[in-house]
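Each chain is listed here by its residues.
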Number of protein chains: 2
Amino acid sequence: MREKKIPPLVNDEEVSHLLDIPSPRLEDAYHKGIIKKYQKKGMNAIQFRKGLGPVEAGTMVIKGEEIEVIRGFPKIRRILMLHPALEKHFPDKVAVEEKMNGYNVRIALVDSEIVAFTRGGYVCPYTSRKAREILDLDDFFQDYPQMVICGEMVGTLNPYVSHYYPEVGKLGFRIFDLREKLTNVALPIMAKREILADYNLEPVKLLGVFPVKKAPQRILEIVKELGEHDREGVVMKDPQMQLDPLKYTSSQAQAAELEYALSFPFDLARAFLFSRIIREGFQSHETAESKDARRERALRMGESILYPMLETISKVENGELAAEDLLIEVENKEQADEFIRYLRDLKVMATLAEIKEGKAVIRRVHQSTNDRINNYLDGGLY
Amino acid sequence: MREKKIPPLVNDEEVSHLLDIPSPRLEDAYHKGIIKKYQKKGMNAIQFRKGLGPVEAGTMVIKGEEIEVIRGFPKIRRILMLHPALEKHFPDKVAVEEKMNGYNVRIALVDSEIVAFTRGGYVCPYTSRKAREILDLDDFFQDYPQMVICGEMVGTLNPYVSHYYPEVGKLGFRIFDLREKLTNVALPIMAKREILADYNLEPVKLLGVFPVKKAPQRILEIVKELGEHDREGVVMKDPQMQLDPLKYTSSQAQAAELEYALSFPFDLARAFLFSRIIREGFQSHETAESKDARRERALRMGESILYPMLETISKVENGELAAEDLLIEVENKEQADEFIRYLRDLKVMATLAEIKEGKAVIRRVHQSTNDRINNYLDGGLY
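Residues numbered from 1 in each chain as written. Chains lettered and ligands numbered in written order. Predicted model: local features only at pLDDT ≥ 70, side-chain atom pairs only at ≥ 80, totals over all residues. Heavy atoms only, no water.

You'll find chain A entered in an unreviewed UniProt entry as ATP dependent DNA ligase, with Methanobacterium formicicum given as the organism.

Visitor: Looking at this structure, I do not really get the confidence of the model for chain A. What am I missing?
Guide: Parts of the model with low pLDDT should not have their predicted coordinates read in detail. Taken residue by residue, chain A gives an average pLDDT of 95. The fraction at 70 or more is 99%. As scored by the predictor, the complex reaches a pTM of 0.90 and an ipTM of 0.88. (pLDDT = per-residue confidence, 0-100.)

Visitor: Looking at this structure, I do not really get empty space enclosed by the protein. What am I missing?
Guide: One water molecule sets the probe size; rolling that probe over the atoms shows where empty space is left. Residues and elements named next belong to chain A. Tallied over the entire structure, the rule returns three cavities of 30 Å³ or more. One number sums up the size of the largest cavity: a volume of about 60 Å³. In terms of lining residues, the largest cavity is bounded by R78, I79, L80, Y248, T249, Q254, R279, F282 and Q283. Looking at the lining of the largest cavity, the elements with two or more residues in it are β13 (246-249) and α9 (265-287). By residue number, the principal contributor to the lining of the largest cavity is α9, which donates three residues. Among the residues making up the lining of the largest cavity, the classes are represented as four nonpolar, three polar and two charged. (1 Å grid on protein atoms, 1.4 Å probe; cavity = no way out; pocket = protein on both sides within 12 Å on 5 of 7 lines; lining within 4 Å. Points joined across faces, edges and corners; volume = space filled by probe spheres on them. Helix = DSSP H or I, 4+ residues; strand = E, 2+ residues; numbered from the N terminus. Nonpolar A, V, L, I, M, F, W, Y, C, P; charged D, E, K, R; others polar.)

Visitor: Got a minute to help me understand the sheet that holds strand β14 (residues 323-329) of chain A in this structure?
Guide: In any sheet, the strands associate via hydrogen bonds between backbone groups, in a parallel or an antiparallel arrangement. Residues and elements named next belong to chain A. One open sheet holds the three strands; their spatial order is β14-β16-β15, and the pairing between them is antiparallel. With partners counted over all chains shown, the strands left at the sheet margins are β14 and β15 (350-356), one partner each. Direction aside, the axes of adjacent strands within the sheet are offset by 25 degrees on average. (Pairing = 2+ DSSP bridges. Axes fitted to C-alpha atoms, helices over the stretch in contact; angles between N-to-C directions.)

Visitor: Honestly, the interface of chain B and chain A in this entry has me stumped. Any pointers?
Guide: Reports of interface size often rely on the accessible area that becomes lost once the parts have come together. On the side of chain A, 47 residues touch chain B, which itself brings 48 residues to the contact. Around 4500 Å² of area is buried between chain B and chain A when both sides are counted, 75% of it from carbon and sulfur atoms. On inspection of chain B and its partner chain A, the count reaches four salt bridges. In this structure, E303(B) engages R295(A) in a salt bridge whose closest nitrogen and oxygen atoms are separated by 3.8 Å. Counting residues per element, the ones that place at least two in the side of chain B that touches chain A are β5 (77-78), α3 (82-89), α9 (265-287), α10 (291-317) and α12 (367-377) of chain B. (Contact = heavy atoms within 4.5 Å. Buried area = accessible area lost by both parts, 1.4 Å probe. Salt bridge = Lys/Arg side-chain N within 4 Å of Asp/Glu carboxyl O.)

Visitor: It is not clear to me how the UniProt feature "domain: RNA ligase" (unreviewed entry) in chain A should be interpreted in this structure. Could you clarify?
Guide: If you check UniProt for "domain: RNA ligase" (unreviewed entry), the listed places come out as residues 93-249 of chain A in our numbering. Helix makes up 25% of residues 93-249 of chain A and strand 34%, whereas the separation of the span's terminal C-alpha atoms amounts to 20 Å. (UniProt positions renumbered as here; feature names shortened; annotations may be inferred.)

Visitor: In this structure, what is going on with the pairing of strand β4 (residues 67-70) of chain B? I would like to understand it.
Guide: Looking down a regular strand, the side chains alternate between one sheet face and the other. Residues and elements named next belong to chain B. Burial of the side chains of β4 extends over both faces: I67 and V69 are buried on one face and E68 and I70 on the other. Bridging between strand β3 (residues 60-63) and β4 involves four bridges; their strand directions are antiparallel. Each residue of the ladder has a partner; that of M60, found in β4, is I70. Counting the residues that bridge the hairpin from β3 to β4 gives three residues. (Buried < 20%, exposed > 50% of the residue type's maximum accessible area, 1.4 Å probe, protein only.)

Visitor: Help me out: how do you make sense of the domain arrangement of chain A in this one?
Guide: Per the domain assignment, the segments of chain A are domain 1 (8-70), domain 2 (101-203), domain 3 (252-318) and domain 4 (323-365). Look at where the C-alpha atoms of domain 1 of chain A and domain 4 of chain A centre, and you get two points 30 Å apart. (Domains from an automatic or database assignment.)

Visitor: Could you clarify how one ought to interpret the sheet that holds strand β10 (residues 172-180) of chain B in this entry?
Guide: All names here are of chain B. The sheet built from four strands is open, its strands ordered β8-β7-β9-β10 with antiparallel pairing. Sheet topology places β8 (113-118) and β10 at the edges, where each strand pairs with a single neighbour. Going across the sheet, the axis of each strand differs from the next one's by a mean of 30 degrees, ignoring polarity. Where strand β7 (residues 103-110) and β8 come together, six bridges link them in antiparallel fashion. Opposite L109, over in β8, you have I114 as the bridge partner. Along the sheet, helix α4 (residues 125-134) contacts β7, β8, β9 (147-154) and β10; its crossing angle with β8, the most-contacted strand, is approximately 125 degrees.

Visitor: Would you mind showing me how to read unusual backbone geometry here?
Guide: Keep in mind that most residues, glycine aside, have a negative phi and that most peptide bonds are trans. With an omega dihedral of 10 degrees, the bond running from H83(A) to P84(A) counts as a cis peptide bond. As for its position among the elements, P84(A) is in helix α3 (residues 82-89). A positive phi angle, near 65 degrees, is found at S112(B), a position not held by glycine. Relative to the helices and strands, S112(B) resides in the loop between β7 and β8.

As structure tokens, this is what we get:
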């Protein structure tokens, strides 16, 4: 195998110092593919495809006027049983914020420009453009150039996770963390909310701060209510943000994810099925549901597994493609093409189906689902 | 790595000739673990752990007075859509036999002794003993020493798949194939049934022989009826046995397998979930069910996923073990111990729970399920 030429940022002494990782270890990580070169739109950077020691996946080290480190957004662990996990994890109080169903975005100032990174550290052209359109961040970044705004891009007109929120509609951004660029230290809940209010920036909903003893029961009630309104769940945080947050989601969120996965069974279902089902099991156990509620949950699970599969089989039988249509707002074809090129860089195969009334329909075909359903409908053996 | 000493049977010229596989290829397969030495109960043999060319997994080559080849039972492929798979596969007529829910056993004469092999080629001591007890095979093997009897060990007192059949009860053996030792050629359906009748041996039920055009509809009706009686499904065969058989199972069989898998979610569910769900999808599609029937199927799926999981979580919470109890008939403790040793050879960890009224309770603990449920109940993060 040909030795890859190491990008200068990988064995830069300053980078090694900033990340507190010795250069040889960074070089080794580069050879293993943990770190990749990232050069798009004039940005000269390295991207952490996986975590390395304390440095999270999604971290970007960017060489501009100076070297900037935008740390990856930390993985939030899930709990299956609120009681006793909360008491074990939080010593005193638990702040409960809504977990919204969209995609994670970090926004930061890089060389005086506002840049939006996806979870993996990619600079999504659509997200960057929309972030600048939706949000007025100039004053904020004037005062806090070293901060990273971490939030969820939500709404129906987003290409990754399209979900309708009445208070959002087409596209909106809700902020859950303000973190320091290099250290990834997050502001305490109340400090964060005050600053966001000062700059007219929208936080995610704070649903309460509870003594840890009372938290499990209150959170179960909150999540039940959220689920009934087709909302995803909660993130539970130490009010001081000294401890890692935890997450917990509604049965309806699990059902929605099963539905999505089973719409493209041969592309997505294997990876989704097991964990969603396990979550349902423990949630049902913890809530000590009535026999009827339990049966309702079983039916909801069964329906979200069976029905989307049937819909896709019928669709393919009728000669249609098993595909997702992603909708984004564009001003011209170039913007749609740019987004498609960006997806292809991520190995997501998509094509432009049409542009109509300022919206581009980006079609993502799920090839295994098409191929295998066609094969079985045709009498192929399993 | 130390070179393993090659057992003489692997590079025996006669074996190479009988299997029509060159000796170097057999040696190579031995080094790859495809072939293993098998020396139990005075039997000097090699066992095919995987298939090699035309030789099926489970094939045993035994050196006795002469070299005997007991071919592995061929894998039966599944169809998801009866129509059009049957027409594609069978030119004319389809014989439909019941597929019973037990475990596959091949019985053959080796050095004048009647030996029972499991699917993988192992000589199960319990199966061998019970086969000799249940079946009177002396006359048959007197006349057909070169035949292998292939059938299903079924009933509640079997350690692998315990399932109640009213016509069987505790333990019974139903024969689906008579095959030639070396070639694996199977007798035609009617010839097989005639011979079995002559020797008072019980075949699986023949549910009909249908013109291929009519077969899909008839089989859907048959399988629906079987499912309603908690029976597994069918195997569809060319009456002349010149073509590979195919299998198709009832929704209830899928549900039962989901139930079993979800009783031990962290040990079994990942491997089981996906394929059972896919089968349900295509069956529901092909039968063009009413809305109500579809909802009933969804509920059945959901319940067979959720309820067994809940039962196991509660069990573990109450300090019980997530374990299966296998029941076998024994005359003394030595027979139980022998069976447990046999399971351990197969890497199945089991212990003797008790012996009572001639039955040994063999407990098979599902360790990951215990460990992980305990961890989550204890507040562990997912």
